Amino acid sequence: MNEKEFERLLLSVQKPGRYSGGEINSVIKDKSKVDVRFAFCFPDTYEIGMSHLGMKILYSQFNSRDDIWCERVFAPWTDFEEKMRENNIPLFALESRDSIKEFDFIGFTLQYEMCYTNVLNMLDLAGLPLKALDRDEKYPLVVAGGPCVCNAEPLADFIDIFFLGEGEEVDLEVIDLYKEHKKKGFSKVEFLKAAAKIEGVYVPSLYEVEYLEDGKIKSVTPKGNAPKTIKKRIIGDMDTAFYPDKFVVPFIQIVHDRAVQEVFRGCIRGCRFCQAGFIYRPVREKSYEVVNSQAKCLCENTGYDEISLSSLSTSDYRELEPLLNNMLEWTQENHISLALPSLRIDNFSEELLEKIAHVRKSGLTFAPEAGTQRLRDVINKNVTEEEILSTCKTAFEGGYTSVKLYFMMGLPTETDEDLKGIAELGQKIVDMYYSLPNKPKGKSVSVSMSVAVFVPKPFTPFQFEPQITKEEMERKQNYLKSCITTRKIDLSMHDSSTSFLEAVFAKGDRRLGAVLESAYKKGCKFDSWTECFQIEKWNEAFSECGIDPDFYSLRTRDYDEINPWDHLDYAVSKEFLIRENKLAHADTTTPNCREKCSACGANCYGEGVCFERR
Amino acid sequence: MRDVRVFYRKKGAMKFVSHLDMNRFMTRLINKAKIPIWFTEGFNQHAYFNFAVPLSLGFEGQYEVLDLRIITPDYSNEQLVLDLNKASIPDIEFLDAKEPILKMKEIVFAEFKVIFDELNVELAEKINGFFAREQIITQKTTKKGGTKDIDIAPLIKKWVLKENELTLILTAGNENNLNPNLVLSTFFESEKIAPVDYSVIRTMIYDKNLNPFK
Ligand code: SF4
């Protein structure tokens, strides 16, 4: 397709900037001078994918090597997909506009389960057979990384290689191995066998899964010399780890349209529902000097006038005060706004507080997740009612009139009492506002509460727990609604069909591959977009494949059951998860990593918080 | 503090960047190039710059105009162009920077080149006939959501068809801006022919005397 025809096509769809390429800092290389072409695919829209930090890191890192050209690919929105299929345009990379079928690697990042149909759709648009087994040496290798890889069994049939954990090192080791194998005449089978020996590389086709009569897993057996368990990789020293000095700056507005500076990986907290809090262990910080200089460099090279700090819980950063002091100096001078997350500022100096006061504040948000202290203890969420009320009080006195709170419904051990607690907490905030003598004049308060359905995830202490049924959820939602008596509280409860499917795929096994393929063939894609999600098609797919989704999501799993992800080693041991699960059922909290080590297993790397001096 | 008028070309991928997105693009480009630009004061401080008449999505622009306010007196126009180009991408190319002579609102006309992929004799005759009309009526949606008939002939200052290239000088600016796409779609509709493919380049903007806008 020539340039002119392509341009006409772009003008006929929404947001042509999604497909045009050519942005500031996008990397163009001479394809005849590189050895490896890598198509980095984000299985969602441009706006979402371009906001993702992991993709930016790997894009820059791969391209920092002269022998690799890494390009970006996003899922085309339905209007453009239609045009592509009509005009026989295969899925192309934004930089070169070449069909990715010509590339050496097609790599997906799997950030959420509901993107799986997009992975299949993108493979199909690229002109590749969906199944790994049907792709010989003619086709690119299809690899995947990201948090969902901790149980990517539902995608096992389609992906050649999964990367466990952080990709900076392992991805390049595999690319180097590929170059070696290419030199001596490439055999896919031989290559995969060799790659499986690299730590962090999981080749699903090298594992045989057998099932018991009741449908549970009997065994997972490696073939040949493949390792029995595959261990995730981490980057030990964050100060010397690669970090991009520039981001591709999009033309169109994306979800997080700003510079993003990473401050640490992992989280000390151990909230029991939170997968990220476990699979990214242990916490590894960057020093504030490095964070500061990387952040400055990013702003200079992108021209962004907004920067945010990224981590799972920035207020736990030990060097926050010196960092902010340093960053505020140059950000204010250069009219750059520093987006601060809601921080605990009790022990900051007067001077810093004064400076922060001038920074544009984001909205007031809390994530208590549960309505009563008992249930917050069960989930190990370290937020108390007093903290929320006192922070709200200060904020209201400072002129704020609205607050947003996030909760979950269907948590293990939850009773109606806990749901009532959600409504009561909202009411207390409202009452407190009206009791303030110095509240903002003439304005009423608005408390918005968002309640999502809990999805149990692998590698969390709640991996053994069932999700609630649809009927139970409806009953709980109605009950919660009935508990709210004031119009000052705005309660929003998400449509939950996607949460149910998410739970199935999060804890699913390889047999779901067939369901995925069938749903995809029926037209399912962009399942996380309400306007695209088609639950009837999914239901049809399950019943045609003879698979009961409830088997995966609604069942309490015994501690000794073999889970589909048990051969993957994310450093947190199953014994630890079991211990934590028992503590949850005893309403008992666990101290964070800096208060007391709970021997989760993540100290095996000899890095990070486990070895901090306390 | 002084005002500078910058001239640039917009092409390639940048053709798909809407006027709204251009604002964000320029803000970042100016930051990246470290231009000593003046920031507005007050609560929402932002770099001070102004675009001349917006360019429609999909059009190339060869004489695009942007006014900046510079705070460093000894920062030369040559340096400004150099710095902007160094920070920019090939699809936005800065050509020149000068002291503004006219005001933005003195822009009255714009010149476009409409390049047809293919143009046969029959179609060429129809085009000539169309522009020779005394009245060219088209429908415009009103603010209230209805439509009303307007005559665009008086807004067409000049037209020349040479081979497959149609040069149009149309009224531009805030009040009576005429978009060549509207002219073309009116043509196809009134002649009841299926639209043919074409590309558009805005080649110049003029003042009321058809002198290039400076
Ligand atoms: S080993 Fe201890 S300190 Fe290290 S991550 Fe696990 S619980 Fe935290």
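Since we're looking at a predicted model, the values are computed, not measured. Residue numbering note: each chain is counted from 1, following its sequence as written. Written order determines the labels here, with chains lettered from A and ligands numbered from 1. Owing to the predicted nature of the model, reporting of local features is limited to residues with pLDDT of at least 70; listing and counting of side-chain atom pairs is limited to 80 or more, with chain, interface and lining totals taken over all residues. By convention in this description, side-chain values take in all heavy atoms of the structure and omit both hydrogens and water.

**A few points about the overall build of chain A**
Next up, step 1: Of regular secondary structure, chain A possesses 20 helices and 19 strands.
Next up, step 2: A radius of gyration in this sense is built from C-alpha atoms; the matching globule rule multiplies 2.2 Å by the number of residues raised to 0.38. Its C-alpha atoms give chain A a radius of gyration of 25 Å, near enough to 25 Å, the size a compact globule of 614 residues would have.
Next up, step 3: Along the first, second and third principal axes, the C-alpha atoms of chain A reach 75 × 65 × 55 Å.
Next up, step 4: Relative accessibility thresholds used throughout: buried, under 20% of the residue-type maximum; exposed, over 50%; partly exposed, between the two (1.4 Å probe, protein chains only). Buried residues in chain A amount to 58% of all 614 residues.
Next up, step 5: Contact criterion: two residues are considered in contact whenever any of their non-hydrogen atoms come within 4.5 Å of each other. A separation of at least 24 residues holds for 76% of the contacts in chain A among residues at least 6 apart in sequence.
Next up, step 6: Surface accessibility in these figures is a Shrake-Rupley result with a 1.4 Å probe; residues are shielded only by whichever protein chains are displayed. Total accessible area on chain A stands at roughly 24700 Å², and carbon and sulfur atoms take up 49% of it.
Next up, step 7: Both charge centroids of chain A, one from 79 positive and one from 98 negative side chains, sit 0 Å from each other. Helix numbering and strand numbering both begin at the N terminus, where a helix is a DSSP run of H or I of at least 4 residues and a strand a DSSP run of E of at least 2. As used throughout, the charge tally considers Lys and Arg to be positive and Asp and Glu to be negative, leaving His and the chain termini uncounted. The atom standing in for a charge is NZ when the residue is Lys, CZ when it is Arg, CG when it is Asp and CD when it is Glu.

**A word on the domain arrangement of chain B**
Residues and elements named next belong to chain B.
Next up, step 1: Throughout the structure description, domain borders are defined by an automatic or database domain assignment. We note that the domain assignment places domain 1 (2–100) and domain 2 (105–206) within chain B.
Next up, step 2: Tallying the contact residues gives 13 residues for domain 1 and 12 residues for domain 2.
Next up, step 3: Summed over the three residues of domain 1 that lose the most area to domain 2, namely Val53, Phe59 and Tyr63, the buried surface amounts to 57% of that side.
Next up, step 4: Counted as salt bridges are all cases of a side-chain nitrogen of Lys or Arg within 4 Å of a carboxyl oxygen of Asp or Glu. The tally of links between domain 1 and domain 2 comes to 1 salt bridge.
Next up, step 5: A salt bridge links Glu64 to Arg202; the shortest N-O distance between them is 2.9 Å.
Next up, step 6: Throughout this description, a polar contact denotes any pair of N or O atoms lying within 3.5 Å of each other; where both atoms belong to protein, one of them has to be capable of donating a hydrogen while the other can accept it, and for residues adjacent in sequence the pair is counted only when both atoms sit in side chains. Our enumeration of links across domain 1 and domain 2 arrives at 7 residue pairs in polar contact (both at pLDDT 80 or more).
Next up, step 7: Residues are sorted three ways: Asp, Glu, Lys and Arg are charged, Ala, Val, Leu, Ile, Met, Phe, Trp, Tyr, Cys and Pro are nonpolar, and all the rest, Gly among them, are polar. Split into classes, the residues belonging to the side of domain 1 that touches domain 2 amount to 7 nonpolar, 4 polar and 2 charged. Buried area counts how much accessible surface, traced with a 1.4 Å probe, disappears from two parts once they are put together, with both parts' losses summed.

**Quick look at the site of the ligand**
Residues and elements named next belong to chain A.
Next up, step 1: Residues are classed as near a molecule or strand on a simple rule: at least one heavy atom within 4 Å of it. Within the structure, the ligand sits among Arg281, Cys593, Cys597, Ser598, Ala599, Cys600, Ala602, Asn603 and Cys610.
Next up, step 2: Site definitions follow a grid-based scheme: protein atoms alone, a 1 Å grid, a 1.4 Å probe that fits but cannot get out for cavities, and for pockets an open set with protein on both sides within 12 Å along at least five of seven lines, plus lining residues having an atom within 4 Å of a point. For a cavity or pocket, the test is whether more than half of a molecule's atoms lie within 2 Å of its grid points; if they do, the molecule sits there. When each cavity is represented as a set of grid points, the ligand is found to reside in the largest cavity.
Next up, step 3: Across the shell around the ligand, the residue classes tally to 6 nonpolar, 2 polar and 1 charged.

**Thoughts on the interface of chain A and chain B**
Next up, step 1: At the interface, 26 residues of chain A touch 24 residues of chain B.
Next up, step 2: Here Lys15 of chain B and Glu7 of chain A are joined by a salt bridge, their closest N and O atoms 2.7 Å apart.
Next up, step 3: Along the contact surface separating chain A from chain B lie 7 residue pairs in polar contact (both at pLDDT 80 or more).
Next up, step 4: Secondary structure elements with two or more residues in the side of chain A that touches chain B: helix H1 (3–11) and helix H9 (288–302) of chain A.
Next up, step 5: Per element, the largest residue contribution to the side of chain A that touches chain B is 5 residues, and it comes from H1 of chain A.
Next up, step 6: Along the lines of polarity and charge, the residues of the side of chain A that touches chain B split into 9 nonpolar, 10 polar and 7 charged.

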